[in-house]
Every structure is written in C-alpha cells, then in structure tokens.
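Architecture and fold: a report
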Amino acid sequence: MIYRSSKRRTVLKLAAAAVSFGMMGMTANAEGFPDRTITLVVPFAAGGSTDVVARVIAQKMGDELGQQIVVENIAGAGGNLGADRVARAEPDGYTILMGTVATHALNPLILKTKPYDPQTDFAPVSLLVVVPNVLVVNPKLNVNSVEELIALLKAEPDKYAYASSGNGTPLHLSGELFKSMAGVSMQHVPYKGAGPALNDLLGNQISIMFDNLPSSSGHIKSGTLRALGVTTKERASSFPDLPTIAETVPGYETYTWNALFAPAGTPADVVDKLNAAAKKALADAGVAARMADFSAKIVASSPDELKDHVAAEIAKWEPVVKNANVQMD
C-alpha cells in the first residue's frame, strides 16, 4: 500500500520530537503531563455513537488526569479528515483521536489516495469498546432467522437487496462478508447515512439492512423491524435471546469499535498515562452503564493489544474489500 508522505512525516515527527526534548534538556516522560487541556478529535459529526462514546469517556478521563478533555468534531471523508489532523499533530499527548474500524482499517484499504498509514502514523493507546452490528429485515419479509434468509436468497438470487449507510462503510462490508461466507447473492443499495436507509427499511422500500445495533434497537423492541442476528461472536447482553449470525454462518464476525490513538512519536509513558486513565474511566459504574445502553462491550486494552487488533482488522477486511471491488477517490 502507498501512503502519501506518511513514512517521511513519521520520521520527521520523531526527529523533531527528539530535538525538542534534547534542546529542553528533558527526557521524554509523562512527568507533569498533562498540564493543559487535551483535545480528543472525533472524526465524525456530533450526535453519532462514536461522538457519544467519546464524550462519556472524555469526561471521566479528564477527571482522572486532572485536566479537561475537549471533544472536537472534525467530520469528512469518512473519518479521514479528523484522523489525518491527529496524525499530523505534535506527538505530545495533547491531541488524540477516537479512531474506528473506518479510520484504521477500511479507509486505508478503500481510498486510492491514502493520507496516512494507520499502523505507523499513530501510537495506539487503548481499544475501548466494541459495538455489535445487526442484521435486520422489514417484518413483511417472510423470514424469521438467518437460516431462512439464506434459503430465500439462494432460492431467488439477486431478487433482493440490502441497504447500508454508504459505499465502503462498515455496514456495507458487513453485508459483503455475509454474502461471501453464506454463499448468497443480493444487491447492495448505498444510502447517504444510516438514517435514510432505516427510513426506507421501515417503509418497506428495501427489505434487508445491516445496521449498528444501538440505532436499530428501539425499532427491534417495538416490532417495526425484525432482527435476525447480531454480527459479533457472542450474543449482545442487551438482546440475549437474539442469535449471532455465526451460529448459522460459522466464523462470521463484524463489529464497530472505538479506540484511542495518539500521533506517532508520542512518548511511551505519556501513552501509558492516557491508557491508565482510559481504563479507569471504563471501570466507572456510570460509564459502564452508558456503554451497556449502547450494547457496547468494554475492552480497555493495552497499547500493544490495540496495535495487534488494528493489524488483524486490516488483514480481515483486505480480501473482503478486494472481492467487493470497492475503491474510492
């Protein structure tokens, strides 16, 4: 993969950080960190699930660190604008990113022009939570399980279509992975966001959709949508009677995740201090309750575990992206 100037930028950033610390006669450590406000960049618009998770976490992390953490929404280019802003920031721990599967796995695989390298332009801090996606259908579609849907799609290939929040999104590729692993065929209809897609699903303009579980949960509970299965390996605690897709399609697993990243070159003990604050925030009973409201499973990983997670996500999604022939400018 070719990442535009990312390697050069990382080298220059590391060199600049070393010179800066050397000129100040200091070692690169977390003593005194933080002594001013930290900016947490959310690379999507306010109000979405990533934004909500960020604001809940930021408040508690700020309490732990003794400094305010301000959330700044920098939306655009599927999360790339905000992520690139952090990749280019000073590696001092005062500008950090709420990254997702989009910013650190899918976009780098899909976009022809890659403004940053997700593995070398960032210092992993912690994988915070994973959030299930869900396979939902309009109740007028005469299927009540994943097994029945697969049988219908095999009996009438290409007759049905599924909706997603847009080309190249995690929800789109959740559908492509399902098609590949279940051996079925259906058309993809991309929408400009999950909201319009849900509206057409509710109106029976389209029959099938992969969605984030939090945004569909109210419709599932009211019966206006029928859930067939969650996309995670384990059942969601908020819907314990809802099977996983993997119970019918062994090995199937997708989810949305939220993780903290700092710019590459951030001192290790600053990263460790951010990691410790994130873990303590996630251990708070109030935060845990809010995450449960979103059907989010708390992970609170180490930096090395997040590094391995990003590598595994890229490896998982690369063949799916290639098979679906998804490329965007």
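Here is what the cut-offs are and how they apply
- Residues numbered from 1 in each chain as written.
- Predicted model: local features only at pLDDT ≥ 70, side-chain atom pairs only at ≥ 80, totals over all residues.
- Heavy atoms only, no water.
- Phe/Tyr/Trp six-rings, centres within 6.5 Å; stacked < 30°, edge-to-face > 60°.
- Helix = DSSP H or I, 4+ residues; strand = E, 2+ residues; numbered from the N terminus.
- Buried < 20%, exposed > 50% of the residue type's maximum accessible area, 1.4 Å probe, protein only.
- Lys NZ or Arg CZ within 6 Å of the ring centre and 35° of its normal.
- 1 Å grid on protein atoms, 1.4 Å probe; cavity = no way out; pocket = protein on both sides within 12 Å on 5 of 7 lines; lining within 4 Å.
- Points joined across faces, edges and corners; volume = space filled by probe spheres on them.
- Nonpolar A, V, L, I, M, F, W, Y, C, P; charged D, E, K, R; others polar.
- Contact = heavy atoms within 4.5 Å.
- Salt bridge = Lys/Arg side-chain N within 4 Å of Asp/Glu carboxyl O.
- Polar contact = N/O pair within 3.5 Å; in protein donor to acceptor, adjacent residues only side chain to side chain.

Observations regarding the packing of aromatic side chains
Applying the stated criterion to the full structure yields six aromatic pairs. Judged by centre distance (6.0 Å) and plane angle (85°), the ring pair of Tyr 162 and Phe 210 falls under edge-to-face. With Tyr 162 in strand 5 (residues 161–164) and Phe 210 in strand 7 (residues 208–212), the pair connects residues that are 48 residues apart, well separated along the chain. Take Tyr 162 and Phe 210: they sit in the same class, and that class is buried. Connected via pairs of aromatic rings, a cluster forms that spans Tyr 162, Phe 178, Phe 210 and Tyr 252. Seen from the ring of Tyr 255, Lys 316 lies directly overhead, with NZ or CZ sitting 5.1 Å from the centre.

Digging into the layout of surface pockets
Of the pockets and cavities examined, the largest pocket occupies roughly 830 Å³. Lining the largest pocket we find 34 residues, and of these Phe 44, Ala 102, Ser 165, Thr 169 and Pro 170 sit closest to its centre. Elements with a contribution of two residues or more to the lining of the largest pocket: helix 2 (49–65), helix 4 (101–110), helix 6 (170–182), strand 7 and helix 8 (213–222). The element contributing the most residues to the lining of the largest pocket is helix 4, with four residues. Residue classes in the lining of the largest pocket are distributed as 14 nonpolar, 17 polar and three charged.

Structural notes on the environment of Leu 282
The topology assignment puts Leu 282 in helix 9 (residues 268–283). A sequence separation of 221 residues divides Leu 282 from Met 61, and the C-alpha atoms of the two residues are 8.9 Å apart. Ignoring any residue separated from it by four or fewer positions in sequence, one finds Leu 282 in contact with Ile 57, Leu 128, Val 129, Val 287, Ala 288, Ile 298 and Ala 300.

Digging into the pattern of salt bridges
Evaluated as defined, the whole model comprises 13 salt bridges. Residue Lys 297 pairs with Glu 234 through a salt bridge whose shortest N-O separation is 3.3 Å. Placement of the pair is Lys 297 in strand 10 (residues 297–298) and Glu 234 in the loop between strand 8 (226–230) and strand 9 (255–263), with a sequence separation of 63 residues. By relative accessible area, which is 47% here, Lys 297 ends up partly exposed. Here the salt bridges do not stand alone but share partners, grouping Asp 35, Arg 36 and Asp 92 into one network.

A look at the side chain of Ser 301
Among the structural elements, Ser 301 can be located in the loop between strand 10 and helix 11 (303–324). The class of Ser 301 is buried, set by a relative accessible area of 3%. A polar atom in the side chain of Ser 301 sits 2.8 Å from the backbone nitrogen of Leu 127. Contacts of Ser 301, omitting those with residues within four sequence positions, involve Val 125, Ser 126, Leu 127, Asn 275, Lys 279 and Leu 306.

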